[in-house]
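Residue strings, one per chain:
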Amino acid sequence: MTIKRQYTLPNCNLILEGMSKEDALNPLAPITMLLNVECQFPGITDPLIGGKDLLEALVQAVNHYGQGLLSGVPRPQGKPGSPAPLATLERQGAYHHKLQLATTDKAEDKVDSGPPMAVILTTVQLFDLVEAVDQFLADTQTLPEMTLALKSVPRRQAIAQEPLTQRLLPAVAGTSTLVAAAAALFFLPVPELEPRPPQETPAAEGTTDVTPAPGTDPPAAGSDAPGAGNIDIVAAVAAYTRLSVDGTTTDPDTLSTLETQLRRRLSTAFAADQVEEPLAYQVAVSPEGEVWGFRHDNDAALLAVESTPLLGLTTVPSPADLLEEEAVALFEVTFLPTGEVRVSPLESPDR
Amino acid sequence: MPVDSPPAVPKPLILDALRDPVLPGGVCPRRTQVDLDLLLLAIEALDVNSSEMMLGAVQELSLQTVIPGRVQFWQIRSTNPLRYSSQRRPLTLGEAKALTVIICHLSKRLTVLIRQLLLGYQQLSDRQLALDHHFRLGDYLSRFRSHFRARMNPQRAGVLIYNTDDKLDALALELLQKLLFCTGTQGVQRLWHSLFDGEVG
């Protein structure tokens, strides 16, 4: 004989009809074989009718959707490749939920084998369905093998609620800003290092400034002297080369005056104690008698330049001076170990 | 006979029915703290006496070992990181279970009111009327809004998204629907498992 169990809620009626395999005559025996399931919603005309598969599908759909509603975390429908579930629930706005039933193939089944059935439920109706299912699962007298089996969604299976584009947006924005900043800064010119202006102080300070400055780019004026990294001599040589190219005076009166003046100045300032061999220089002198530049003629002259007073007496002319003056006088100066200074006008200046 | 210490309060068996989830760190994730506090906030908005009801529920369900008193109850609720006075300590699984059980216990008491409000909401939205037309519903929504704004820190990103009345109303109605599900026979199990969706390893 068939046993009927009914779970009645204000908005849902779940009716199960079945039999007990073990004790077929006892109406109080537990239902172990299900014959018919009917799910009615008062207010909705067509009840859902089916067998155990409908019941299982309803339980599955209710668990899946109900948990998603409670947590707000969407969960994947099922393993890819598994058949589509018979019953599915979907949200339809803030307050409505669509219960969709797929068609069944069995001809003898009482379900309408026409188009799939869809029922729109309100939240309260949905809750009553959930409650009816929960009461059935809790009932040990009806299909005791079916119980409530809930599982939380593992982190990996939870569908991200923000779309991928929105999640990637901050990373993309940051990277593109970095690229744009790098491109903009690429065009910024590297600041050039200006050479330090030459020292105009006496020789004593000049000698303390011997440390070579690898960063300075000495003006290319034939000054590839090994080891003698003195900026002053470099500047002096450069100035001399520049001046010897510009006009030089050949006026004999001027030349002799300047020659005498130069010899006197160099002799008084020259101390021969460190000089071992003659040191020859070509010196450029301004019309006022200022030593504006010089160049060494032999290697010894370069190496021993600090023994001579030339560095101390040389004043590299400023561009303003050069503009005013037109001609310099060139002399050949030789410092001898004996202490004598020989000065003679230079006939043909050579670079 | 002389007794040196008060009789031990039995450990609440009601919490053993809830299975411990596998969580990294063994403590509740942030989302759980927020969800539980917001559900309690919704209950407070439903009934003015609910704070006393909550403490009464602790006594009825014998949860004193987990929640000894009013201050500890407030401290546990304040683990919600969205609050102004957020306690910087994690929520233990035992405390979360206790809160879950209390929420379901109280929402069962408020079943009639919850269903009434949801039916009212359904009717108003079908006729496209403003939610103030239903007196109790308007009352619930305005109380929820004022409680939320008084307690939640607006500088938190999770609170900034609810910066208008409409958004807070939508949140209040979502929580009301969740409370409806908590009133069911298996409400405690359903709520407990939903707290860790997307968080278990």
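Definitions and limits used
Note on numbering: residues in each chain are counted from 1, in written sequence order. By the order in which they are written, chains take letters starting at A while ligands take numbers starting at 1. Side-chain atom pairs in this predicted model are given and counted only at pLDDT of 80 or more, local residue features only at pLDDT of at least 70, and totals for whole chains, interfaces and linings cover all residues. Side-chain measures here rest on the full set of heavy atoms in the structure, leaving out hydrogens and waters. For the purposes of this entry, the term helix denotes a DSSP run of H or I that reaches at least four residues, the term strand denotes a run of E that reaches at least two, and both are numbered from the N terminus. Each residue is assigned to one of three classes by its accessible area relative to the maximum for its type, calculated with a 1.4 Å probe on protein chains only: buried under 20%, partly exposed between the two thresholds, exposed over 50%. Whether two residues are in contact is decided by their heavy atoms, any of which lying within 4.5 Å being enough. Every accessible area reported is derived by Shrake-Rupley at a probe size of 1.4 Å, with residue values counting cover from the shown protein chains alone. The patch calculation keeps residues exceeding 30% relative accessible area without a salt bridge and links them within 9 Å when they carry like charges or within 5 Å when they are nonpolar (Val, Leu, Ile, Met, Phe, Trp, Tyr). Salt bridge criterion: a side-chain nitrogen from Lys or Arg within 4 Å of a carboxyl oxygen from Asp or Glu. To be clear, the arc concerns the directions from the helix axis to the C-beta atoms. For two strands to count as paired, DSSP must find a minimum of two bridges between them. The axes are straight lines fitted to the C-alpha atoms, using for helices just the contacting stretch, and the angles between their N-to-C directions are given from 0 to 180°. Aromatic rings from Phe, Tyr and Trp, taking only the six-membered ring of Trp, are treated as a pair when their centres fall within 6.5 Å; an angle between ring planes under 30 degrees marks them as stacked, one over 60 as edge-to-face, and anything in between as tilted. In this scheme, roughly parallel covers angles under 35 degrees and roughly antiparallel covers those over 145, while 65 to 115 is roughly perpendicular and the rest are oblique. Should the near helix be turned counterclockwise from the far one by less than a right angle, the crossing is left-handed, whereas a clockwise turn marks it as right-handed. All residues other than Ala, Val, Leu, Ile, Met, Phe, Trp, Tyr, Cys, Pro, Asp, Glu, Lys and Arg, Gly among them, are scored as polar; the first ten of these are nonpolar and the last four charged. A simple way to read buried area is as the amount of 1.4 Å-probe accessible surface that goes missing from two parts once joined, with both sides added. The set of buried Ala, Val, Leu, Ile, Met, Phe, Trp, Tyr and Cys residues whose side-chain atoms join them within 4.5 Å is what this entry labels a nonpolar core. Cysteine sulfur atoms are paired as a disulfide whenever they come within 2.5 Å of each other.

Attention now moves to the overall build of chain B. Counting secondary structure elements, chain B contains nine helices and zero strands. Going from N to C terminus, chain B has its helices and strands arranged as α-α-α-α-α-α-α-α-α. Each of the 201 residues in chain B was classed as buried or not, and the buried ones make up 54%. Contacts in chain B between residues at least 24 apart in sequence constitute 74% of all its contacts with a sequence separation of at least 6. Accessible area for chain B stands at about 9,500 Å²; split by element, carbon and sulfur atoms hold 56% of it.

Of regular secondary structure, chain A possesses nine helices and eleven strands. Residues counted as buried form 39% of the 351 residues belonging to chain A. When contacts within chain A are restricted to residue pairs at least 6 apart in sequence, those whose partners lie at least 24 apart make up 60%. Surface exposure of chain A reaches about 19,800 Å², of which carbon and sulfur atoms provide 57%.

Right, let's get into a nonpolar patch on the surface. Where nonpolar side chains cluster on the molecular surface, the patch consists of Leu164(A), Leu168(A) and Val172(A) and spans about 280 Å² of accessible area. Residue position: Leu164(A) is located in helix α3 (residues 164–186).

Because each turn of an α-helix spans 3.6 residues, side chains separated by three or four positions end up pointing in the same direction. Residues and elements named next belong to chain B. Three or more residues of helix α3 (residues 70–77) are buried, namely Phe 73, Ile 76 and Arg 77. All buried residues of α3 project into a common sector of 100 degrees when viewed along the axis, lining one side. Where α3 is buried, its residues contact α1 (30–46), α2 (50–60), α4 (93–109) and α6 (135–151).

Turning next to the sheet that holds strand β10 (residues 329–335) of chain A. Residues and elements named next belong to chain A. Within the open sheet, the four strands sit side by side as β9-β8-β10-β11. Their pairing is antiparallel. Two strands bound the open sheet, and with one partner strand each, they are β9 (291–296) and β11 (341–345). Ignoring which end each strand starts from, the neighbouring axes of this sheet average 25 degrees apart. Where β10 and β11 come together, five bridges link them in antiparallel fashion. Looking at β11, one finds that Val 333 is bridged to Val 343.

All names here are of chain B. Counting across every chain of the model gives 20 salt bridges over all chains. Notably, a salt bridge pairs Lys 97 with Asp 20, separated by 2.5 Å at the nearest N-O pair. A residue pair is termed long-range when its members are at least 10 positions apart, and Lys 97 in helix α4 and Asp 20 in the segment before α1 qualify at 77 residues. The exposure class of Lys 97 is buried, given its relative accessible area of 9%. If you follow the salt bridges from partner to partner, you end up with Asp 37, Glu 44, Arg 77, Arg 83 and Arg 151 in one network.

This brings us to the packing of aromatic side chains. Throughout the structure, instances matching the rule amount to eleven aromatic pairs over all chains. An angle of 75 degrees between the planes, with centres 5.6 Å apart, marks the rings of Phe127(A) and Phe181(B) as edge-to-face. Taken together, the residues span two chains, with Phe127(A) in helix α2 (residues 123–138) and Phe181(B) in helix α8 (residues 165–182). Of the two residues examined, Phe127(A) and Phe181(B), each falls in the buried class. Taken together, a centroid distance of 5.4 Å and an interplanar angle of 80 degrees make the contact between Phe186(A) and Phe187(A) edge-to-face. Taken together, the ring pairs in this structure connect Phe270(A), Tyr281(A), Phe294(A) and Phe335(A) into an aromatic cluster.

Further remarks concern the packing of α2(B) against α4(B). Residues and elements named next belong to chain B. The geometry of α2 relative to α4 is characterised by a closest axis approach of 10 Å and an angle of 115 degrees between their N-to-C directions. Put simply, α2 runs roughly perpendicular to α4. Here α2 and α4 pass one another in a crossing that is right-handed. From α2, Met 53, Met 54, Ala 57, Val 58 and Glu 60 reach across to α4, where they touch Ile 102, His 105, Leu 106 and Arg 109. Looking at the contact of α2 with α4 residue by residue, the classes come out as six nonpolar, one polar and two charged.

With that settled, the discussion passes to the interface of chain A and chain B. Listed by partner, the interface residues are 33 residues for chain A and 29 residues for chain B. A buried area of about 2,800 Å², summed over both sides, lies between chain A and chain B, and 56% of it is on carbon and sulfur atoms. Of all residues in chain A, Leu70(A), Tyr95(A) and Phe127(A) give up the largest surface area on contact with chain B, accounting jointly for 25% of the area buried on that side. Summed over the shared surface of chain A and chain B, the number is three salt bridges. Between Arg190(B) and Asp134(A) there is a salt bridge, with the nearest N and O atoms lying 2.8 Å from each other. Contributing elements (two or more residues each) for the side of chain A that touches chain B: α1 (52–71) and α2 of chain A. Top contributing element to the side of chain A that touches chain B by residue count: α2(A), with ten residues.

Here we come to the sheet that holds strand β7 (residues 117–122) of chain A. Residue and element names in this part refer to chain A. One open sheet holds the three strands; their spatial order is β5-β6-β7, and the pairing between them is antiparallel. With partners counted over all chains shown, the strands left at the sheet margins are β5 (87–92) and β7, one partner each. Within the sheet, the average angular offset between the axes of one strand and its neighbour, ignoring direction, is 25 degrees. Across the sheet, α2 touches β5, β6 (96–101) and β7, and the angle it forms with β7 is around 105 degrees.

In terms of nonpolar packing, the biggest core is built from 104 residues, with Leu99(A), Phe136(A), Tyr140(B) and Phe144(B) touching the most fellow members. Not counting the four nearest positions on each side in its chain, Leu99(A) is found in contact with Phe41(A), Leu48(A), Leu58(A), Ala87(A), Thr88(A), Leu89(A), Met117(A), Ala118(A), Val119(A), Leu121(A) and Leu129(A). Membership of the second largest hydrophobic core comes to 30 residues, among which are Leu262(A), Val285(A), Val291(A) and Ala301(A).

This part takes up the environment of Leu180(B). On the secondary structure map, Leu180(B) appears in helix α8. In the structure, Leu180(B) is positioned 65 residues away from Arg115(B) in sequence and 7.2 Å away in space, judged by C-alpha atoms. Filtering out sequence-adjacent residues up to four positions away, Leu180(B) remains in contact with Thr123(A), Val124(A), Phe127(A), Ile114(B), Arg115(B) and Leu118(B).

This next bit is on the state of the cysteines. With the rule as written, the count across this model stands at zero disulfides over all chains. Cys39(A) supplies the cysteine sulfur nearest to Cys12(A), a cysteine that is in no disulfide, at a spacing of 4.0 Å. Cys182(B) carries a free sulfur, and the closest cysteine sulfur to it, the one in Cys104(B), is 4.4 Å from it.

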